[in-house]
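Results of the structural survey
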Amino acid sequence: MPASGTLVLVVGPSGSGKDTLIAGARAALKGDTRFLFPRRAITRPQVIGAEDNETMAPGAFAAAMAVGAFALAWRAHGFSYGIPMSIEAALGHGRHVIINVSRSVISEARQRYQPLRIVALWAPPEVLAERLATRGRETGVEIDQRLGRASPITVEGPDVTRIETTGPAVESLEEFLQILRALALEG
């Protein structure tokens, strides 16, 4: 689909800081209508203080999927995730849309949406493990499973910018904001 806004995919393993950077950017760019941070649908119950998602029952998610309600959708960690189709109208109106997605949908997104930028977050396994344990959403076994899935998918290409998220969150956020503000200057 032709689009004049840029779709920004924020990807990285669990615990890399995707939700922290997106929340920080949403707050920093509040009121700037050039940017949209849509909520994704997820079949996991809402966790207080965690990412801002639209919680859906599995049956409701399947029904929404059947009627084409999602621009991108995937399964991971035993849950279904979806990005609302409304992003296409926003892109068509020149807005830059920033979304947290699975690395497994990058190929589909590259085929369907241009321009597209990928912000790939990275942190070493010990940092990821510590962050996952701190958020308290997974058991030790589930953390090990998530970490086991952290390394096999490498994101590469001219549309990829990497951010190492091992330092203070404010430093990674500033790097992320520079990327987003550069998009606004381009468009």
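Before reading on, note that the structure itself is shown above.
Attention here is on the structure that accompanies the text.

Let's talk about the overall build of the chain
Helix and strand counts for the chain stand at 7 helices and 9 strands. Referenced to the eigenvectors of the C-alpha coordinate spread, the extents of the chain come out at roughly 45 × 40 × 30 Å. Here the contacts in the chain between residues at least 6 apart in sequence split such that 68% fall between residues at least 24 apart. Taken as a whole, the chain presents about 9,300 Å² of accessible surface, with 56% of it coming from carbon and sulfur. Between the averaged position of the 20 positive side-chain charges in the chain and that of its 19 negative side-chain charges there is a distance of 4 Å.

Brief notes about the nonpolar core
When a protein is soluble and globular, its nonpolar side chains tend to lie buried together. Ranked by internal contacts, the top residues of the largest apolar core, which has 25 residues, are Leu-7, Leu-9, Val-11, Ile-99, Val-101, Tyr-113 and Ile-118. Of all the elements in the fold, those that place two or more residues in this core are strand S1 (2–11), strand S5 (70–76), strand S6 (79–84), helix H3 (87–92), strand S7 (96–100), helix H4 (106–112) and strand S8 (114–122). In terms of nonpolar packing, the next biggest core, distinct from the first, is built from 19 residues, Val-10, Phe-35, Leu-173 and Ile-179 among them.

Topic: helix H5 (residues 125–135)
Each α-helix winds once per 3.6 residues, and so residues spaced three or four apart point in a common direction. Residues of H5 that are buried: Val-127, Leu-128 and Leu-132. Looking straight down H5, one finds that the buried residues subtend no more than 130° of arc, so they occupy a single side. Among the exposed residues of H5, those pointing more than 90 degrees away from its buried face are Glu-126, Glu-130 and Thr-134.

A look at helix H7 (residues 169–186)
Helix length check: H7, at 18 residues, gives a terminal C-alpha distance of 26 Å against a target of 26 Å (1.5 Å per residue), a fit within 8%. Three or more residues of H7 are buried, namely Ser-172, Leu-173, Phe-176, Leu-177, Ile-179, Leu-180, Leu-183 and Ala-184. Around the axis of H7, the buried residues are gathered within 155° of arc, so they sit on the same side. Away from its buried face, by an angle of more than 90 degrees, H7 presents the exposed residues Val-170, Glu-171, Gln-178, Leu-185 and Glu-186.

Focus: the packing of aromatic side chains
Describing an aromatic ring pair means giving the distance of the ring centres and the angle of the ring planes. Applying the stated criterion across every chain yields a total of 2 aromatic pairs. Measuring from ring centre to ring centre gives 4.6 Å for Phe-61 and Phe-70, while their planes differ by 20°; the resulting arrangement is stacked. Comparing Phe-61 with Phe-70 shows no difference in burial state: the two are buried. Taking the centre distance of 5.4 Å and the plane angle of 0° together, the rings of Trp-74 and Tyr-81 count as stacked. In this pair, the class of Trp-74 matches that of Tyr-81, namely buried.

A look at the packing of helix H1 (residues 18–28) against H7
Across the interface, H1 lies against H7 with an axial gap of 9 Å and an inter-helix angle of 60°. By the angle between their axes, H1 is oblique relative to H7. Remark: the crossing between H1 and H7 carries right-handed chirality. Contacts between H1 and H7 involve Thr-20, Leu-21, Ile-22, Gly-24, Ala-25 and Ala-28 on the former and, on the latter, Ala-169, Ser-172, Leu-173, Phe-176, Leu-177, Leu-180 and Arg-181. Here the residues of the contact of H1 with H7 are counted per class, giving 9 nonpolar, 3 polar and 1 charged.

What counts, and where the lines are drawn
- Residues numbered from 1 in each chain as written.
- Predicted model: local features only at pLDDT ≥ 70, side-chain atom pairs only at ≥ 80, totals over all residues.
- Heavy atoms only, no water.
- Helix = DSSP H or I, 4+ residues; strand = E, 2+ residues; numbered from the N terminus.
- Contact = heavy atoms within 4.5 Å.
- Areas by Shrake-Rupley, 256 points an atom, 1.4 Å probe, with all protein chains shown as cover.
- Lys, Arg positive; Asp, Glu negative; His and termini not counted.
- Charge placed at Lys NZ, Arg CZ, Asp CG, Glu CD.
- Core = buried A, V, L, I, M, F, W, Y, C linked by side-chain atoms within 4.5 Å.
- Buried < 20%, exposed > 50% of the residue type's maximum accessible area, 1.4 Å probe, protein only.
- Arc of directions from axis to C-beta.
- Expected span 1.5 Å × (residues − 1).
- Phe/Tyr/Trp six-rings, centres within 6.5 Å; stacked < 30°, edge-to-face > 60°.
- Axes fitted to C-alpha atoms, helices over the stretch in contact; angles between N-to-C directions.
- Parallel < 35°, antiparallel > 145°, perpendicular 65-115°, else oblique.
- Left-handed = near helix turned anticlockwise from the far one by under 90°.
- Nonpolar A, V, L, I, M, F, W, Y, C, P; charged D, E, K, R; others polar.

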